[in-house]
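A look at the structure
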Amino acid sequence: MEADLKTRALGVLHRFYGYNSFYPLQFDAIQCVMQGHDAVVLMPTGGGKSICFQIPALLSDGCAIVISPLLALMKDQVDALQAMGIPAATVNSSQSDNFNRQVIEQVYAGRIKLLYISPERLLSEVEQWSSQIKISLFAIDEAHCISQWGHDFRPEYTQLSTLRQRFPGVPIMALTATADRLTRDDIARQLNIPDAQLFMTSFDRPNIMLNVVSNVSSNDKMKMITRFIDSHNGESGIIYSLRRADTEKMAARLRTLGYNAAPFHAGMATVEKEHVQTAFLNDDIPIVCATIAFGMGINKSNVRWVIHSNMPKSIECYYQEIGRAGRDGMPATALMFYSFADVITLRSFAQDSGQAALNMNKLQRMQQYAESDVCRRRTLLSYFNERYEHDCGNCDVCLNPPERFDATIVCQMALSAIVRTGGKEGLSTIIDILRGSAKTDIVAKGYNTLRTYGVGRDLSAAAWNAYMLQMLQMGIIDVAYDDYNHLRVTQFGWDILKGARRQVMLSKFSYTDRRATAAATKEKKPRQGQLQDMPPADKELFEQLKATRLAIAKAQKIPPYIVFSDKVLDVIARHRPTTREEFSCLYGIGEKKTEMYWRPFTAAVKDYLSSHRQQ
Ligand code: ADP
Ligand code: ZN
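Given the structure is predicted, the values throughout are model-derived calculations rather than measurements.

**Let's talk about the overall build of the protein**
Along the backbone of the protein there are 28 helices and 17 strands. Here the protein has a C-alpha radius of gyration of 26 Å; the compact-globule value for 615 residues is 25 Å, and the two agree. Taken over the C-alpha atoms alone, the protein extends approximately 80 × 65 × 50 Å along its principal axes. Taken over 615 residues, the protein has a buried fraction of 55%. Long-range contacts, defined here as pairs at least 24 residues apart, represent 73% of the contacts in the protein between residues at least 6 apart. As presented, the protein carries roughly 27100 Å² of accessible surface, and 51% of it is formed by carbon and sulfur atoms. Mean positive and mean negative side-chain charge positions of the protein (71 and 64 charges, respectively) differ by 3 Å.

This is the structure we're talking about:
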């Protein structure tokens, strides 16, 4: 039975999407809803969530209802599905009543497999339809919108809590890319699906290279930004700033320097915003200078880079924003600038936010990331409580490493001090214990009698500070923000304390600030990724294929990435198919796209081959 389902699911995957295997947990999630159970799917952007509900929709009788918060997202997914020959549609307020009625008739007639709709519209209309159609499943996209804890709470999502009761026989799948634990835990509760199975993959985005540059003058920053853009010739990217005025200044400066850039922020008129967004999706404007308002509602898979011209206010925000790059899995780059001035601005934002303590803590963790001396990906993933025990090799710290030493004993000393205080002390007291401080507080609590008292007096307090920070960043210890910032030992930390792990390396503390001098003088070179690594001839072909894609997209009035992702163009450039047969076998090319596009793309390949033969 299971084997049969897998064969059928793979058949659909191949026929419509042109893929040969599932990403992690995709099939498990598919199987869960096909067996009639509810599911919560937590995968990062680009993790392949859509397929988790699209394939069950295709394999089941009736129509799947997909709930999505934004018109732009619905339109984008429907366009993408139709381009693959999958019968999908949306009813929404941007279409005429007449058109919406026709869509519903199509649904009644059983001709639509996936219907995209907003939550408010669904709940006002659902009684009318439900008796007339068979609903195969409910997929709730961007499910974090239901949680008040999250950054994207949408009151209309809360009405979805009644779905389970109203449709007891229809499985519900909730999907989100949020990495925020409070929000995640809230989703099943808010949706009243306590028995939902959880499918969570790693939140790592290994194809995004992480870079941080600290304390550069604004002139140098601008120079570095333009050099960076030049090295990404013509590729799409986003530059985030904290303030609206800064996005406008940045766009204006880039334009005077000859770059095609536009600002985007919440203060702009709706038509203007729509214009910028559409032009960006269609590859007409490659660079958008934005506040955080830009990005939600953007599925564009070929965003190749994200620059933060200021440090964001939290790691959640940072991760969400860099996550807009490289959804297609091809190499992408994140570059963040960080300055003392940012910290001052962000502190005042946090203090005025109404939740000062919480936001100050988030800011502090962001700052620790910016100042990190260990692999940045480790720091990020440990913030999200994910175990990641090797250096990534794709961040500035890994590529430009500080001096390391075997710090296993140093770690064990600190861990032991934390354990012996029963997890009831913060950083400064632990350091006092390690250094054998005679402060009255230490003595009063009897800490001077602990076995660890004074074992670390050879190291300065500053050094201990730096090492504990690294241990925090590596997920060896954790801070209980809800409990007076007391230090705790994680499972990983316990393994180290018990000597169950090989050595722990930390970067050596020294008084000179490596970063301050390095950043000002060194140009950060983006890692040479797959695209740049191609031999020159392939790069040329790739550019020609991009032009072919753009021409088709214009004619069909759809964004270029919906015709084919950069990844598929890369595959075509490498395999150089010249026949329909060869073309149809390639990654990401299903039956419908073979039919639609084999002629122009094989023609482009043949052109390229013949012009190069003559030379
Ligand atoms: P998410 O919604 O989780 O951000 P998507 O569903 O948009 O991710 O998928 C990201 C990209 O990965 C898309 O281009 C999608 O077609 C592709 N993809 C998804 N599943 C697979 C798979 N099994 N094999 C190859 N590519 C896949
Ligand atoms: Zn790294």
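**Things to note about the sheet that holds strand β8 (residues 208-214)**
Here six strands make up an open sheet; going across it, the order is β8-β13-β12-β9-β11-β10 and the pairing parallel. Two strands bound the open sheet, and with one partner strand each, they are β8 and β10 (261-264). Averaged over all pairs of adjacent strands, the angle between strand axes in this sheet comes to 15°, irrespective of strand direction. Where β10 meets strand β11 (residues 287-290), four bridges bridge the pair, whose relative direction is parallel. Looking across to β11, one finds that Ala-261 is bridged to Ile-287. Relative to the sheet, helix α9 (residues 218-231) contacts β8, β9 (236-240), β11, β12 (303-308) and β13 (332-338), its axis offset from that of β13 by approximately 175°. Against the sheet, helix α11 (residues 270-281) touches β9, β10, β11 and β12, its axis set at about 135° to β10.

**Topic: the coordination of the zinc ion (ligand 2)**
All of the protein donors around the zinc ion (ligand 2) are Cys-375 (SG), Cys-392 (SG), Cys-395 (SG) and Cys-398 (SG); their distances to the metal are 2.3 to 2.4 Å. One way to put it: the four donor atoms around the zinc ion (ligand 2) meet at angles of 101 to 119°, and that makes the site tetrahedral.

**Quick notes on the site of ligand 1**
In the vicinity of ligand 1 there are 15 residues, among which Tyr-19, Ser-21, Gly-46, Lys-49 and Ser-50 approach most closely. Here Gln-26 contributes a side-chain N or O atom positioned 2.9 Å from a nitrogen atom of ligand 1. If ligand 1 stood free it would expose 560 Å²; the protein chains cover 84% of that surface. If one sorts the elements of the shell around ligand 1 by residue count, helix α3 (residues 49-59) sits on top with three residues. Broken down by class, the residue content of the shell around ligand 1 amounts to six nonpolar, seven polar and two charged.

**Thoughts on the sheet that holds strand β5 (residues 135-140)**
Here we have seven strands laid out as an open sheet, ordered β3-β4-β2-β5-β6-β1-β7, and parallel in their pairing. At either end of the open sheet lies a strand with only one pairing partner, and these are β3 (88-90) and β7 (197-200). Going across the sheet, the axis of each strand differs from the next one's by a mean of 20°, ignoring polarity. In this structure, strand β1 (residues 39-42) lies alongside β7, joined through four bridges in parallel fashion. The residue of β7 that forms the bridge with Val-41 is Phe-199. Each of β1, β2 (63-67), β4 (114-117), β5 and β6 (172-176) is contacted by α3, which is oriented at about 160° to β6, the strand it contacts most.

**Side note on α3**
Burial runs high along α3: ten of the eleven residues are buried. Turning to α3, its buried residues number three or more, namely Lys-49, Ile-51, Cys-52, Phe-53, Gln-54, Ile-55, Pro-56, Ala-57, Leu-58 and Leu-59.

**Points about unusual backbone geometry**
Most peptide bonds take the trans configuration, and most residues that are not glycine carry a negative phi. Of note, the phi angle at Leu-25 is positive, near 70°, even though the residue is not glycine. Take Leu-25: it is sitting in the loop between α1 (2-17) and α2 (26-34). Here Leu-25 falls in the partly exposed class, since its relative accessible area comes to 26%. You will see that Asn-192, though not glycine, has its phi angle at about 60°, which is positive. Within the fold, Asn-192 resides in the loop between α8 (181-190) and β7. Here Asn-192 falls in the partly exposed class, since its relative accessible area comes to 41%.

**Details of the nonpolar core**
Grouped together as the largest cluster of nonpolar side chains are 107 residues, with contacts concentrated most on Ile-67, Leu-122, Phe-138, Phe-564, Ile-572 and Phe-601. Looking at which element gives the most residues to this core, the answer is helix α28 (residues 591-614), with six residues. Counting 37 residues, the second largest nonpolar core, distinct from the first, contains Ala-39, Ile-55, Ala-57 and Met-173.

**Side note on the domain arrangement of the protein**
Along its sequence, the protein is carved into domain 1 (2-200), domain 2 (208-399), domain 3 (404-507) and domain 4 (536-613). For domain 2 versus domain 4, the distance between C-alpha centres works out to 31 Å. If you look at the interface, domain 2 gives twelve residues, while domain 4 gives twelve residues. Carbon and sulfur atoms make up 49% of the area that domain 2 and domain 4 hide from each other, which totals about 1000 Å². A per-residue breakdown of the area domain 2 buries against domain 4 is headed by Asn-282, Asp-328 and Met-330, which together make up 37% of the total. Counting across the domain 2 and domain 4 interface gives two salt bridges.

What counts, and where the lines are drawn
Residues numbered from 1 in each chain as written. Chains lettered and ligands numbered in written order. Predicted model: local features only at pLDDT ≥ 70, side-chain atom pairs only at ≥ 80, totals over all residues. Heavy atoms only, no water. Helix = DSSP H or I, 4+ residues; strand = E, 2+ residues; numbered from the N terminus. Rg over C-alpha atoms; globule rule 2.2 N^0.38 Å. Buried < 20%, exposed > 50% of the residue type's maximum accessible area, 1.4 Å probe, protein only. Contact = heavy atoms within 4.5 Å. Areas by Shrake-Rupley, 256 points an atom, 1.4 Å probe, with all protein chains shown as cover. Lys, Arg positive; Asp, Glu negative; His and termini not counted. Charge placed at Lys NZ, Arg CZ, Asp CG, Glu CD. Pairing = 2+ DSSP bridges. Axes fitted to C-alpha atoms, helices over the stretch in contact; angles between N-to-C directions. Donors = N, O, S within 2.8 Å, 3.2 Å for Na, K, Ca; no water. Tetrahedral: all angles 85-135°; square planar, octahedral: opposite > 155°, others 65-115°. Near = heavy atom within 4 Å. Polar contact = N/O pair within 3.5 Å; in protein donor to acceptor, adjacent residues only side chain to side chain. Nonpolar A, V, L, I, M, F, W, Y, C, P; charged D, E, K, R; others polar. Core = buried A, V, L, I, M, F, W, Y, C linked by side-chain atoms within 4.5 Å. Domains from an automatic or database assignment. Buried area = accessible area lost by both parts, 1.4 Å probe. Salt bridge = Lys/Arg side-chain N within 4 Å of Asp/Glu carboxyl O.

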